[in-house]
Amino acid sequence: MLWSFEGLGFGHSSVAVANNKVYVTGIKDTIVSVGTLFNFDLTGNLLWQKDYGNDFTSNFHGTRSTPVIVGDLIYIESGMGAVYCLNAETGDQVWSVDFINDLGVDSVILFGFSESVLIDGDNLICVPGGKENNVVALNRFTGKKIWRSKGFEEPATYNSPILVNHNGQRLVIAMSASSIMGIDAATGEMLVQNKDLCGGSIIYADGLFYCYAENDGVVALVNASPEKFEIISKFPVPLGTDQHWARLVIKDKRLYVRHGNALMVYNIFS
């Protein structure tokens with residue numbers, strides 16, 4: 001272990017590493033229920049912490065959304081259903097959009113909004129899950145709505161949208177409660193729907209899989225192919241609290257593991 005920090009509060013969100021900084025969110029006080037953005041340098045020094053707004057303290061309380069950094073702006077979606085644009089150097093708010101008050105969503109979903117927003121050029125794409133604004137694109141500099149899709153008018157689910165290029169067409173792939181949608185990234189027109197889902201916590205780097213088991217909190221390095229599934233090495237996560245739900249992050253030969261109240265950083269290359 002290269003460094004660690006205990007004091008993030010409650011959260012299941014992963015870290016974001018950008019601009020030679022480490023960003024992560026947490027809820028320090030479940031009575032106050034305010035989310036805090038923490039900013040570290042790469043050696044583990046806490047540079048600043050900034051409250052951004054109410055976050056989720058009902059079922060499995062804690063932050064959900066991993067921060068997304070583009071240039072000097074940082075984007076966070078709270079479990080209560082609001083998108084915040086903050087200055088990445090200071091944490092000061094630039095704009096915010098509330099799903100319930102601004103986009104007409106009926107209520108917060110059972111376990112809290114749990115997506116990380118998608119940035120596509122000047123657009124920020126998210127899935128509020130409302131009947132009219134089921135999937136929306138906002139101008140990432142102002143928060144102004146660019147397009148909306150009604151989708152299937154289903155509630156949001158616990159998943160982040162992605163952008164793919166399929167046969168020359170740019171599609172936003174997003175999920176709602178029981179559907180996968182393929183939406184034209186430029187116009188918001190829905191083109192594709194599908195069932196039949198699965199889930200898991202796994203990332204891929206340098207030809208190997210890094211797996212984080214939510215039941216027992218073990219991180220495993222795996223060589224997998226159609227012929228075999230070989231566990232090369234594994235270790236139990238030694239610090240932290242509550243559920244093992246945050247995604248692993250790899251940046252510059254370091255593995256970032258967030259477990260509730262604790263952040264651990266490992267050297268994964270000799």
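Everything here concerns the structure above.
This is a predicted model, so every value here is computed, not measured.

Quick word on the overall build of the protein
When helices and strands are counted, the protein shows one helix and 24 strands. What you see for the protein is a C-alpha radius of gyration of 18 Å, in line with the 18 Å of a compact globule of 270 residues. Expressed as a percentage of its 270 residues, the buried residues of the protein come to 48%. Here the contacts in the protein between residues at least 6 apart in sequence split such that 44% fall between residues at least 24 apart. Carbon and sulfur atoms form 50% of the exposed surface of the protein, whose accessible area is close to 12,800 Å². Once the 19 positive and 28 negative side-chain charges of the protein are each reduced to a mean point, those two points are 2 Å apart.

A short note on the pairing of strand 24 (residues 262-267)
Among the six residues in strand 24, five count as buried, and that is most of the element. When strand 1 (residues 3-6) meets strand 24, the two strands line up antiparallel, connected through four bridges. Note that in strand 24 the partner of E6 across the bridge is A262. Note: strand 23 (residues 254-259) against strand 24, six bridges, orientation antiparallel. Opposite L255, over in strand 24, you have Y266 as the bridge partner. A loop of two residues connects strand 23 with strand 24, the two strands running antiparallel in sequence, and G260 in this loop sits at a positive phi of about 55°.

Digging into the layout of surface pockets
Of the voids in this model, the second largest pocket is the one considered here, and its volume is about 180 Å³. Considered class by class, the residues forming the lining of the second largest pocket number six nonpolar, four polar and four charged.

With respect to the sheet that holds strand 2 (residues 16-18)
Ordered in space as 2-3-4-5, the four strands form an open sheet in which the pairing is antiparallel. Strands at the two margins of the open sheet, each flanked by one partner only, are strand 2 and strand 5 (46-54). The average undirected angle you get between the axes of adjacent strands in this sheet is 25°.

Concerning the side chain of D184
Mapped onto the elements, D184 comes out in strand 16 (residues 180-184). Look at D184: it is buried, it has no salt bridge, and the nearest opposite charge is R170 at 6.5 Å. For D184, the contacting residues outside a window of four places in its chain are W147, Q169, R170, L171, E189 and L191.

Quick notes on the rules
Residues numbered from 1 in each chain as written. Predicted model: local features only at pLDDT ≥ 70, side-chain atom pairs only at ≥ 80, totals over all residues. Heavy atoms only, no water. Helix = DSSP H or I, 4+ residues; strand = E, 2+ residues; numbered from the N terminus. Rg over C-alpha atoms; globule rule 2.2 N^0.38 Å. Buried < 20%, exposed > 50% of the residue type's maximum accessible area, 1.4 Å probe, protein only. Contact = heavy atoms within 4.5 Å. Areas by Shrake-Rupley, 256 points an atom, 1.4 Å probe, with all protein chains shown as cover. Lys, Arg positive; Asp, Glu negative; His and termini not counted. Charge placed at Lys NZ, Arg CZ, Asp CG, Glu CD. Pairing = 2+ DSSP bridges. 1 Å grid on protein atoms, 1.4 Å probe; cavity = no way out; pocket = protein on both sides within 12 Å on 5 of 7 lines; lining within 4 Å. Points joined across faces, edges and corners; volume = space filled by probe spheres on them. Nonpolar A, V, L, I, M, F, W, Y, C, P; charged D, E, K, R; others polar. Axes fitted to C-alpha atoms, helices over the stretch in contact; angles between N-to-C directions. Salt bridge = Lys/Arg side-chain N within 4 Å of Asp/Glu carboxyl O.

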